[in-house]
Number of protein chains: 4
Amino acid sequence: MRDELFARGSVPMTKEEVRAVSLSKLELERSAVLWDVGAGTGSVSVEAACLLKNLGGGHVYAIEREEEGIRLIQENCDRFVPGWEGFHLVKGQAPQVLEELPAPSHVFIGGSGGRLMEILGAALAKNPQARIVVNSVTVETTALCLEAVSHFSFTWYEAVQVAVTRLNKVGRYHMQQSQNPVWVITLQKELPES
Amino acid sequence: MRDELFARGSVPMTKEEVRAVSLSKLELERSAVLWDVGAGTGSVSVEAACLLKNLGGGHVYAIEREEEGIRLIQENCDRFVPGWEGFHLVKGQAPQVLEELPAPSHVFIGGSGGRLMEILGAALAKNPQARIVVNSVTVETTALCLEAVSHFSFTWYEAVQVAVTRLNKVGRYHMQQSQNPVWVITLQKELPES
Amino acid sequence: MRDELFARGSVPMTKEEVRAVSLSKLELERSAVLWDVGAGTGSVSVEAACLLKNLGGGHVYAIEREEEGIRLIQENCDRFVPGWEGFHLVKGQAPQVLEELPAPSHVFIGGSGGRLMEILGAALAKNPQARIVVNSVTVETTALCLEAVSHFSFTWYEAVQVAVTRLNKVGRYHMQQSQNPVWVITLQKELPES
Amino acid sequence: MRDELFARGSVPMTKEEVRAVSLSKLELERSAVLWDVGAGTGSVSVEAACLLKNLGGGHVYAIEREEEGIRLIQENCDRFVPGWEGFHLVKGQAPQVLEELPAPSHVFIGGSGGRLMEILGAALAKNPQARIVVNSVTVETTALCLEAVSHFSFTWYEAVQVAVTRLNKVGRYHMQQSQNPVWVITLQKELPES
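Residues numbered from 1 in each chain as written. Chains lettered and ligands numbered in written order. Predicted model: local features only at pLDDT ≥ 70, side-chain atom pairs only at ≥ 80, totals over all residues. Heavy atoms only, no water.

Caption draft 1: Here's a closer look at the overall build of chain A. When you go through chain A residue by residue, the secondary structure sums to five helices and eight strands. If you list the helices and strands of chain A from N to C, you get α-β-α-β-α-β-β-α-β-α-β-β-β. Here chain A has a C-alpha radius of gyration of 17 Å; the compact-globule value for 194 residues is 16 Å, and the two agree. Within chain A, the fraction of its 194 residues that count as buried is 59%. Accessible area of chain A: about 7600 Å², with a carbon and sulfur share of 50%. (Helix = DSSP H or I, 4+ residues; strand = E, 2+ residues; numbered from the N terminus. Rg over C-alpha atoms; globule rule 2.2 N^0.38 Å. Buried < 20%, exposed > 50% of the residue type's maximum accessible area, 1.4 Å probe, protein only. Areas by Shrake-Rupley, 256 points an atom, 1.4 Å probe, with all protein chains shown as cover.)

Listed below in structure tokens is the structure:
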């Protein structure tokens, strides 16, 4: 979904190409229960909700601590999936607020507020088979995800950096303009039996 | 969908992150008629077919001239969307073979065999509102897409380069290994009335 | 040389990493006569002048059409190579102003004002063995350089894109921030006899 | 200096663009004493030696533990700076072998064999003003360099990732082919008085 369709305010938003890759890595299915931790504008929550609505099921929990984020998520939800009963807006701070939520099958962590390990622990405590995708824009968070692999004994993980360069027309020319690269890290502790 | 799930042979395949971005740019809907020109292993066709099957409609025309590609596409179709009546495997050379196909609402061009302008022309002749996504790995094809914008009077277009770097574990370390960057170019001549 | 050492004003400047690569591709020697076409702030001219001064010879012609550029180049020249007789500041428009200059052994083209082919022609008319390095930030200029290869029968050429991502400290974290990628294209028509 | 000019064998070599940036970050001067730790093929040592020879002074210590590296470094030294008395080939393992060397003004660490912190400590023990440049191709080494900043109280540091994409001609087209990105990290504990 195109970035310009979302209400954004001044909140940082996962860019559409990184969002597409992140959602692809999540591998959502009809029965999914997705936690979107640090939901920001809700762009990931809302695009996931559109997918799940098409699949005919699922739940999205958009978790956000900031007032402006809450307002934007509600607005974007109303714009794209009005009245869809699978959408749940949760105001509060992770990891504390996660305690009261139902166990996730999928977790997206766009922003961890420096509490990544606790958030991973809270998700795995609810469901050790949860499929987790983290977006990282810092060396420290990427390194921490790799430490988490051994700390939590994830059996499957993957890390890809997505660097997007956009062509912008300036006069007769198309200039290359870079977006900041984002690491998309996928973690899974136990693979579901198939 | 993960690359390793597909039958691949020795045919070049759109990598999963680039495929996710390209499919996102296509914006497929339930009523979509997708041409996948130069379908290769059929990975784009098959992932599009999965999306459309979930949406409850649509048609995919996987167009490929090479024998090995045809075999792989059939195998991947049987693996992921067995029996889905929306999947059509078309052996032949673009743009000639496109004549006999129904008008596309969406076109993906992964490989043009040096005939990009004719393929664009053939698609637009059938439907001037077709939404077209091209993958380019060369400077010449990217430049040609930009020339096509004025030649065909596309009213909306976008070009993004997606560069993916993957972490590979070597001993105790994670090395950064790059995939070749791919330009994802989206073209639309007439926007449908909304 | 570090970017922050230069007087810059509001003129775009070749970033230090791209400047280092570009100067490396030029392969300046003691007897070099360098044209820096579209010299901007003069950062390439001045760093080349420092190299040549250390080598004990050479000439740099910094060619710039804008008043502000001329002022900045003079300031940077005075700062780094004061009194060095090899530095020549040339106000005027390429390719016309190139007519009156001595034949170059090396040419750097940071900005061509849409006149790239004429500038290449002017340089080669003076010296068909000139080693030429072009910086391009647009698809069109990169494609034009590749066309120039056959148009001028360059026997040796190379094109590399340099994409620099910088770590910026934000709180306890280091964020990845991208600079726009630059193509560094090296062209040589006739290799000097060795 | 072009990569193809060096004797290489099967030893990994710093690519020419990354070498140009790394040497630029080192800021060698006439009086420099450079340690090249994990010298590999000696490409950095030899290009530094060429620079210093032109400046009329300086010393390069190429430190390497592998037999094949030692042989290649000697061959490259003989090829580019034959008879230059500033070149010193040191066979041995860092950090132990560093003990016996003269204090460095500049240090390049292309490979640390997992002993980065000890190597930094050994260099700073000899000269706390040494300017140090590290090349890293792993997340762990990059993160370790950032930890070193606080551990050793470096007052100035910088980290840039250099990602090079090369155009390769295939038929009538130029394909974009990526090299793996390299982090170039510059560290300085005490700036010399000026």
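Caption draft 2: Examining empty space enclosed by the protein more closely. Evaluated as defined, the whole model comprises six cavities of 30 Å³ or more. Space inside the largest cavity adds up to approximately 300 Å³. Of all elements in the fold, only strand S6 (156-170) of chain A, strand S6 (156-170) of chain B, strand S6 (156-170) of chain C together with strand S6 (156-170) of chain D reach the threshold of two or more residues within the lining of the largest cavity. Looking at the lining of the largest cavity residue by residue, the classes come out as 10 nonpolar, 16 polar and no charged. (1 Å grid on protein atoms, 1.4 Å probe; cavity = no way out; pocket = protein on both sides within 12 Å on 5 of 7 lines; lining within 4 Å. Points joined across faces, edges and corners; volume = space filled by probe spheres on them. Nonpolar A, V, L, I, M, F, W, Y, C, P; charged D, E, K, R; others polar.)

Caption draft 3: Region of the structure containing the interface of chain D and chain B. Contacts between the two partners involve 20 residues from chain D, matched on the other side by 20 residues from chain B. Together, the buried faces of chain D and chain B total about 1700 Å²; carbon and sulfur atoms form 48% of this surface. Three residues, Glu140, Tyr173 and Gln176 of chain D, lead the burial of chain D against chain B; their summed loss comes to 33% of the area buried on that side. Scanning the region where chain D abuts chain B turns up zero salt bridges. Linking chain D with chain B are 12 residue pairs in polar contact (both at pLDDT 80 or more). Sorting the residues of the side of chain D that touches chain B by element identifies helix H5 (139-151), S6 and strand S7 (173-178) of chain D as the ones contributing at least two each. For the side of chain D that touches chain B, the leading source of residues is S7 of chain D, giving six residues. When grouped by side-chain class, the residues that make up the side of chain D that touches chain B number seven nonpolar, 11 polar and two charged. (Contact = heavy atoms within 4.5 Å. Buried area = accessible area lost by both parts, 1.4 Å probe. Salt bridge = Lys/Arg side-chain N within 4 Å of Asp/Glu carboxyl O. Polar contact = N/O pair within 3.5 Å; in protein donor to acceptor, adjacent residues only side chain to side chain.)

Caption draft 4: The arrangement of the interface of chain D and chain C in detail. Facing the 29 residues of chain D at the interface are 29 residues of chain C. Together chain D and chain C conceal approximately 2600 Å² of surface at their shared face, both sides included; 50% is due to carbon and sulfur atoms. The closest approach of N and O atoms between Glu16 of chain C and Lys25 of chain D, which form a salt bridge, is 2.9 Å. On the surface where chain D and chain C come into contact, there are 15 residue pairs in polar contact (both at pLDDT 80 or more). Of all the secondary structure elements, the ones that give two or more residues to the side of chain D that touches chain C are helix H1 (16-26), helix H2 (43-55), H5, S6 and S7 of chain D. With 12 residues, S6 of chain D is the single largest residue contributor to the side of chain D that touches chain C. The residue inventory of the side of chain D that touches chain C, partitioned by class, reads 13 nonpolar, seven polar and nine charged. The sheet contact formed by S6 of chain C and S6 of chain D spans seven bridges and is antiparallel. (Pairing = 2+ DSSP bridges.)

Caption draft 5: Spatial organisation of the packing of helix H4 (residues 116-126) of chain C against helix H5 (residues 139-151) of chain C. Residue and element names in this part refer to chain C. Here H4 crosses H5 at 40°, and the two axes come no closer than 10 Å. On the basis of their axis angle, the class for H4 and H5 is oblique. For the element pair H4 and H5, the recorded crossing hand is right-handed. Where H4 approaches H5, its residues Leu116, Met117 and Leu120 are matched on the opposing element by Thr141, Leu144, Cys145, Glu147, Ala148 and His151. Tallied by class, the residues present in the contact of H4 with H5 amount to six nonpolar, two polar and one charged. (Axes fitted to C-alpha atoms, helices over the stretch in contact; angles between N-to-C directions. Parallel < 35°, antiparallel > 145°, perpendicular 65-115°, else oblique. Left-handed = near helix turned anticlockwise from the far one by under 90°.)

Caption draft 6: Structural detail: the pattern of salt bridges. With the rule as written, the count across this model stands at 56 salt bridges over all chains. Note that Arg131 of chain C and Glu27 of chain C form a salt bridge whose closest N and O atoms lie 3.5 Å from each other. Remark: Glu27 of chain C occurs in the loop between helix H1 (16-26) and strand S1 (33-37) and Arg131 of chain C occurs in strand S5 (residues 131-136); sequence separation between them is 104 residues. A relative accessible area of 4% means that Arg131 of chain C is categorised as buried. By relative accessible area, Glu27 of chain C is classed as partly exposed at 26%. In this structure, the salt-bridge partner of Arg166 of chain D is Glu158 of chain C, at a minimum N-O distance of 3.0 Å. Here the residue Arg166 of chain D occupies a position in strand S6, and Glu158 of chain C occupies one in strand S6, the pair thus bridging two chains. Beyond isolated ion pairs, a larger network of salt bridges with shared partners links Glu16, Glu17 and Arg166 of chain A together with Lys25 and Glu158 of chain B.

Caption draft 7: The relation of the copies chain D and chain C, seen in detail. The transform that puts chain D on chain C rotates by 180° and translates by 0.0 Å along the axis, for an RMSD of 0.0 Å. Taken together, the turn and the small shift mark the pair as related by a two-fold rotation axis. For chain D, the smallest separation between a C-alpha atom and the rotation axis is recorded for Ala163 of chain D, amounting to 2.5 Å. Same-surface contact between copies: 100% of interface residues of chain D are shared with the interface of chain C. (Least-squares fit on C-alpha atoms with pLDDT ≥ 70 in both.)

Caption draft 8: Broad picture of the packing of aromatic side chains. Scanning the entire structure with this criterion turns up eight aromatic pairs over all chains. Consider the rings of Phe6 of chain C and Phe80 of chain C, whose centres lie 5.1 Å apart with planes at 45°: the pair is tilted. Here Phe6 of chain C, found in the segment before H1, pairs with Phe80 of chain C, found in helix H3 (residues 67-80); they are 74 residues apart in sequence, far enough to count as distant. Across from the ring centre of Trp156 of chain B, 5.0 Å away, lies the NZ or CZ of Arg2 of chain A, which sits over that ring. (Phe/Tyr/Trp six-rings, centres within 6.5 Å; stacked < 30°, edge-to-face > 60°. Lys NZ or Arg CZ within 6 Å of the ring centre and 35° of its normal.)

Caption draft 9: Examining the relation of the copies chain D and chain B more closely. For the match of chain D to chain B, the screw axis carries a shift of 0.0 Å, the RMSD comes to 0.0 Å, and the turn is 180°. The overlap is high: 100% of the interface residues of chain D also sit at the interface in chain B, so the same surface is used on both sides.

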